[in-house]
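Chain residues, written in single-letter form:
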Amino acid sequence: SATNDLLGADPLIGLSPEKKELLRRLRESVADLDKPDDSDYYYSRWLIARKWNLEKAENLLRTHLKFRKENIDPIRDWTPPEVLRKFFPGGFFGEDRQGHPVWYDNFGNLDFRGFYLSVQKEDLFKLKIKHLEENMRLLKEYSEKKGRYIGSVTSVIDMENLSFQRHYHRPSIQTIRELMSMTEANYPESTKRVIIVKAPKIFPTAYNLVKHFMDKYTRQKIVVLGGNWKEEIQKYIAPDQLPEAYGGTR
């Protein structure tokens, strides 16, 4: 049942002595570098993302810390262009049944081509990084507020109006793939579950264009709800935490 949901569970509970030792060794191996966090939870993200392979986890973390220096410091005071602020739909609302924050994304109504023609590609990356950094701050706040570790976000992606005419734009699809790869490499284990609602018939074809850019483990976190999605979604999010448009009472 959703109450015994293992996705998003505390990764340090029941950790074997071998894995504790890998955490210690990873911390030691990057002791020379500046990091945004020094908790076991932080190091566990990189090890879990690389199936507890120490060498691969260290490479991933070192590459990310270099990425932070080059990409995150420069955007601290950056303001997104108006078109992105105005037309990039999405926001947090309520929490799921395990107390994780829920992000709603109106993907089906995004005008890919329009965005691609009216903003610089690097601005899309900056905006994505800004959102992801805000996610990490929010998760920290949630953890402090609840007195337990909350390390990942549930996303509800609304696919209504998804169509080949509006969304099949090759350069945009390439950009989405790159954004996915960047997210996986730099914010591992920050997605708890992705719930797809109102998926039209073309959805499987559209999904095939991007799914190879996701880790197999990430793909397992995607749930596509059917015609009775307003009932199905309540397995994951209680009605008093759902917006009215999604069958909730909030």
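These numbers come from a predicted model, not from an experiment. (Residues numbered from 1 in each chain as written. Predicted model: local features only at pLDDT ≥ 70, side-chain atom pairs only at ≥ 80, totals over all residues. Heavy atoms only, no water.)

Visitor: What exactly am I supposed to notice about the side chain of Thr183 here?
Guide: Examined against the element boundaries, Thr183 turns out to sit in helix α8 (residues 170-186). The residues touching Thr183, leaving out its near neighbours within four places in the chain, are Lys128, Leu132 and Pro188. (Helix = DSSP H or I, 4+ residues; strand = E, 2+ residues; numbered from the N terminus. Contact = heavy atoms within 4.5 Å.)

Visitor: In this structure, what is going on with the packing of helix α6 (residues 121-146) against α8? I would like to understand it.
Guide: Between two packed helices, what matters for the description is the angle formed by their axes and the separation of those axes. At their nearest, the axes of α6 and α8 sit 11 Å apart, and the two run at 35° to each other. Seen along the crossing, α6 lies across α8 with a hand that is right-handed. Two secondary-structure elements touch here, α6 through Lys121, Leu124, Phe125, Lys128, Ile129 and Leu132 and α8 through Thr175, Glu178, Leu179, Met182 and Thr183. (Axes fitted to C-alpha atoms, helices over the stretch in contact; angles between N-to-C directions. Left-handed = near helix turned anticlockwise from the far one by under 90°.)

Visitor: Even after reading the chapter, I still don't get the pattern of salt bridges, so can you show me in this structure?
Guide: For side chains of opposite charge, pairing can occur when their charged atoms come near one another. By the definition in use, this model includes 16 salt bridges. For Glu122, the salt bridge is made with Lys126, and the minimal N-O distance between the two is 3.7 Å. In this pair, Glu122 and Lys126 both sit in helix α6, four residues apart, roughly one turn of the helix. Residues joined by salt bridges that share partners form a network here, namely Glu21, Arg24 and Glu28. (Salt bridge = Lys/Arg side-chain N within 4 Å of Asp/Glu carboxyl O.)

Visitor: Looking at this structure, how should I read the sheet that holds strand β4 (residues 191-197)?
Guide: Sheets are built from strands paired through backbone hydrogen bonds, the pairs being either parallel or antiparallel. If you walk across this open sheet you meet the five strands as β1-β2-β3-β4-β5, and the pairing is mixed. At either end of the open sheet lies a strand with only one pairing partner, and these are β1 (91-95) and β5 (222-224). When strand polarity is set aside, the average angle formed by the axes of neighbouring strands in this sheet is 25°. Packing against the sheet, α6 makes contact with β1, β2 (101-105) and β3 (153-158), and its axis sits at approximately 20° to β1. (Pairing = 2+ DSSP bridges.)

Visitor: Looking at this structure, I do not really get helix α3 (residues 54-72). What am I missing?
Guide: Because an α-helix packs 3.6 residues into every turn, residues spaced three or four apart end up facing the same way. Across its 19 residues, α3 extends 25 Å between first and last C-alpha, which sits within 8% of the 27 Å expected from 1.5 Å per residue. Along α3, the residues classified as buried are Leu54, Ala57, Leu60, Leu61, His64, Leu65, Phe67, Arg68 and Ile72. Around the axis of α3, the buried residues are gathered within 160° of arc, so they sit on the same side. More than 90 degrees from the buried face of α3, the exposed residues found are Glu55, Thr63, Lys66 and Lys69. Residues of α3 that are buried sit in contact with α1 (17-29), α2 (40-49), α6 and α8. The N-terminus of α3 is capped by Asn53, whose side-chain oxygen sits 3.1 Å from the backbone nitrogen of Glu55. (Expected span 1.5 Å × (residues − 1). Buried < 20%, exposed > 50% of the residue type's maximum accessible area, 1.4 Å probe, protein only. Arc of directions from axis to C-beta. Polar contact = N/O pair within 3.5 Å; in protein donor to acceptor, adjacent residues only side chain to side chain.)

Visitor: In this structure, what is going on with the nonpolar core? I would like to understand it.
Guide: Across soluble globular proteins, nonpolar side chains show a tendency to be buried alongside one another. One finds Ile129 and Met182 to be the most contacted residues of the largest nonpolar core, which totals 28 residues. Counting only elements with at least two residues in this core, the list comes to α3, α5 (112-118), α6, α8, β4 and α9 (203-210). Top contributing element to this core by residue count: α6, with five residues. Discounting chain neighbours no more than four positions away, the residues touching Ile129 are Phe67, Asn71, Ile72, Ile75, Met182 and Tyr187. Grouped together as the second largest cluster of nonpolar side chains are 16 residues, Leu22, Leu26, Tyr43 and Leu61 included. (Core = buried A, V, L, I, M, F, W, Y, C linked by side-chain atoms within 4.5 Å.)

Visitor: Looking at this structure, I do not really get unusual backbone geometry. What am I missing?
Guide: Glycine aside, the phi torsion of most residues is negative, and most peptide linkages are trans. For Lys51, which is not glycine, the phi dihedral falls at a positive 50°. Looking at the secondary structure, you find Lys51 in the loop between α2 and α3. The exposure class of Lys51 is exposed, given its relative accessible area of 58%. Of note, the phi angle at Lys198 is positive, near 55°, even though the residue is not glycine. Relative to the assigned elements, Lys198 resides in the loop between β4 and α9.

Visitor: Before we go on, may I ask you to explain the packing of aromatic side chains in this structure?
Guide: Aromatic ring pairs are described here by two measures, namely the spacing of the ring centres and the angle between the planes. The full count for this structure, using the stated rule, is eight aromatic pairs. Arranged with centres 5.9 Å apart and planes meeting at 70°, the rings of Tyr42 and Trp46 form a pair that is edge-to-face. Residue Tyr42 and its partner Trp46 are located together in helix α2, separated by four residues, close to a single helical turn. Taken as a pair, Tyr42 and Trp46 share a single burial class, namely buried. Where Phe93 meets Tyr104, the ring centres are 6.3 Å apart and the plane angle is 80°; that geometry is what we call edge-to-face. (Phe/Tyr/Trp six-rings, centres within 6.5 Å; stacked < 30°, edge-to-face > 60°.)

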